[in-house]
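Letter by letter, the chains look like this.
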Amino acid sequence: MSALRIGVIGVGNISTQYFAHIPNLPNLELVAVADMNEERAREVAAEQGVRALTVDELLADAGIDAVLNLTIPQAHAAIGIRALQSGKHVYGEKPLALDPAEAEPLLALAEQKGLRVGSAPDTVLGTGIQTARKTLDDGTIGRPIAAAIHWSAPGHELWHPAPAFYYQPGGGPLLDMGPYYLTSIVTLFGPIARVSGVATTSSRERRVATGPLAGTAIPVDVATHVSALLEHENGLTTTLTVSFDVWKSRAPLFEVFGTEGTMAVPDPNRFDGDVEIALAATREWETVPVSAGWADSGRGFGLADMARAIETDRPHRASGAMAFHVLEVMDGILRAAADHSVVEIGSTLERPEAVPLDSTPATW
Ligand SMILES: NC(=O)c1ccc[n+]([C@@H]2O[C@H](COP(=O)([O-])OP(=O)(O)OC[C@H]3O[C@@H](n4cnc5c(N)ncnc54)[C@H](O)[C@@H]3O)[C@@H](O)[C@H]2O)c1
């Protein structure tokens with residue numbers, strides 16, 4: 001097994017989670033980091049014991065096989081395309097791009113060059129969502145009928161030191177949190193055929209709450225509360241609400257309703273968490289034992305799966321195709337909301353291969 005040599009572009013808030021896991025993934029080798037903030041890149045490089053490069057140097061470096069793109073959404077497609085043009089695979093944070101039109105050339109170029117595009121979220125490969133998938137596929141709650149998803153918070157400006165990007169295109173509760181829930185529901189129910197939605201922007205003024213920028217006003221150029229109705233190709237329904245406008249809620253996060261019971265799905269922004277079911281006979285909640293997924297996983301496992309998939313010439317799970325489908329669904333919801341219409345989703349895909357328990361991304 002040869003390790004995929006990784007260069008990271010964009011070493012901000014989320015990068016620490018990748019740096020915590022990459023050392024435990026033997027088929028990944030971190031070799032360099034770059035950031036438009038070169039001082040930040042030098043600090044992180046020193047912490048990680050790797051080289052600090054400029055973005056141009058990193059892209060030109062023949063000793064790097066793949067770019068891990070952890071920049072903000074506005075830069076995802078441009079950096080991804082530059083990585084592919086440099087002959088490197090790319091795995092990026094979500095969303096894949098600002099909209100499908102921006103993502104299409106990225107996927108087309110990868111296809112043309114025989115390179116891989118991977119994308120967060122890889123949380124769906126952990127024990128939480130994979131156990132939910134197995135529970136559903138085993139028929140434990142009977143035949144599925146529908147899913148209900150509610151994610152809400154007061155807004156990321158309360159904790160993120162540089163939250164402006166969350167209120168620009170590519171952000172908002174839908175493009176920021178939607179990928180976790182939509183990737184999960186496609187993993188559970190399969191692809192989505194058509195969507196409708198309503199999207200509103202509240203009048204709340206947003207200000208940075210923490211760090212050196214505290215007090216700075218944040219321009220809001222996104223919908224801050226979005227509700228959508230999704231029809232899956234197999235006829236199942238998902239209702240989804242995501243919001244940056246909710247101070248507190250008791251709404252369930254994520255539930256699947258079946259003919260024989262209900263399944264509560266754990267937080268898809270995490271890799272683990274309990275799956276609970278309440279069956280028709282008792283209608284009492286019980287925890288399902290972990291039965292699938294990578295244990296003790298974290299951000300970076302999807303990239304390790306991509307590295308292994310390159311080595312063994314099989315599809316990788318946290319794929320550009322999945323991220324594109326999810327992006328098309330999110331874009332479709334916003335278009336449906338703007339036009340008061342129903343939007344047909346053009347892309348489709350097979351559900352990614354399930355993740356067996358007791359496997360690791362380096363060997364499976
Ligand atoms: N912060 C989180 O908790 C979190 C969680 C999951 C996913 N994400 C995703 O990770 C991505 C990054 O988020 P973050 O919170 O780390 O943001 P951040 O602003 O903290 O970090 C982004 C870094 O990228 C650099 N950067 C931006 N554009 C660049 C460019 N064109 N070239 C080189 N460097 C560039 C910035 O200088 C910064 O250091 C986003 O897509 C976000 O949705 C963040």
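The present account deals with the structure reproduced in this document. This one's a predicted model, so the numbers in the text were calculated from it and none came from an experiment.

Reading the values: rules and limits
Residues numbered from 1 in each chain as written. Predicted model: local features only at pLDDT ≥ 70, side-chain atom pairs only at ≥ 80, totals over all residues. Heavy atoms only, no water. Pairing = 2+ DSSP bridges. Helix = DSSP H or I, 4+ residues; strand = E, 2+ residues; numbered from the N terminus. Phe/Tyr/Trp six-rings, centres within 6.5 Å; stacked < 30°, edge-to-face > 60°. Buried < 20%, exposed > 50% of the residue type's maximum accessible area, 1.4 Å probe, protein only. Axes fitted to C-alpha atoms, helices over the stretch in contact; angles between N-to-C directions. Parallel < 35°, antiparallel > 145°, perpendicular 65-115°, else oblique. Left-handed = near helix turned anticlockwise from the far one by under 90°. Contact = heavy atoms within 4.5 Å. Nonpolar A, V, L, I, M, F, W, Y, C, P; charged D, E, K, R; others polar.

1. Things to note about the pairing of strand β15 (residues 275-279)
Argument step 1. In terms of strand pairing, strand β14 (residues 261-264) meets β15 through four bridges, oriented antiparallel. Across the sheet, Thr 262 pairs through a bridge with Ala 278, a residue of β15.
Argument step 2. Two elements, β15 and strand β16 (residues 285-288), share four bridges in a ladder whose sense is antiparallel. Bridge pairing links Glu 276 to Thr 287 in β16.

2. Description of the packing of aromatic side chains
Argument step 1. Considering all chains together, one arrives at five aromatic pairs under this definition.
Argument step 2. For the ring pair Trp 294 and Phe 301, a centre distance of 6.2 Å and an interplane angle of 50° mean the geometry is tilted.
Argument step 3. Since its relative accessible area comes to 8%, Phe 301 is described here as buried.
Argument step 4. The structure contains a cluster of three or more aromatic residues connected by ring pairs, namely Trp 151, Tyr 167 and Phe 244.

3. Concerning the packing of helix α7 (residues 172-189) against helix α9 (residues 320-339)
Argument step 1. Where α7 contacts α9, the two axes come as close as 9 Å, and the packing angle between them is 120°. In terms of axis orientation, α7 runs oblique to α9. Helix-helix and strand crossings are classified by hand; for α7 and α9 the assignment is right-handed. Only Met 322, His 325, Val 326, Leu 327, Val 329, Met 330, Ile 333 and Leu 334 of α9 make contact with α7, whose side of the interface consists of Leu 174, Leu 175, Gly 178, Pro 179, Leu 182, Thr 183, Val 186 and Thr 187.
Argument step 2. Classifying every residue of the contact of α7 with α9 by side-chain character gives twelve nonpolar, four polar and no charged.

4. Let's talk about unusual backbone geometry
Argument step 1. For the peptide bond that leads from Lys 94 to Pro 95, omega is -10°, which places it in the cis range.
Argument step 2. When you line up the elements, Pro 95 lands in the loop between β5 (89-92) and α5 (100-113).
Argument step 3. In this model, Ala 120 is joined to Pro 121 through a cis peptide bond whose omega is 5°.
Argument step 4. Along the chain, Pro 121 turns up in the loop between β6 (117-119) and α6 (127-137).
Argument step 5. Residue Arg 283 is not a glycine yet carries a positive backbone phi of 50°.
Argument step 6. The topology assignment puts Arg 283 in the loop between β15 and β16.
Argument step 7. Residues other than glycine seldom take positive phi values, yet Asp 313 does so here, at roughly 55°.

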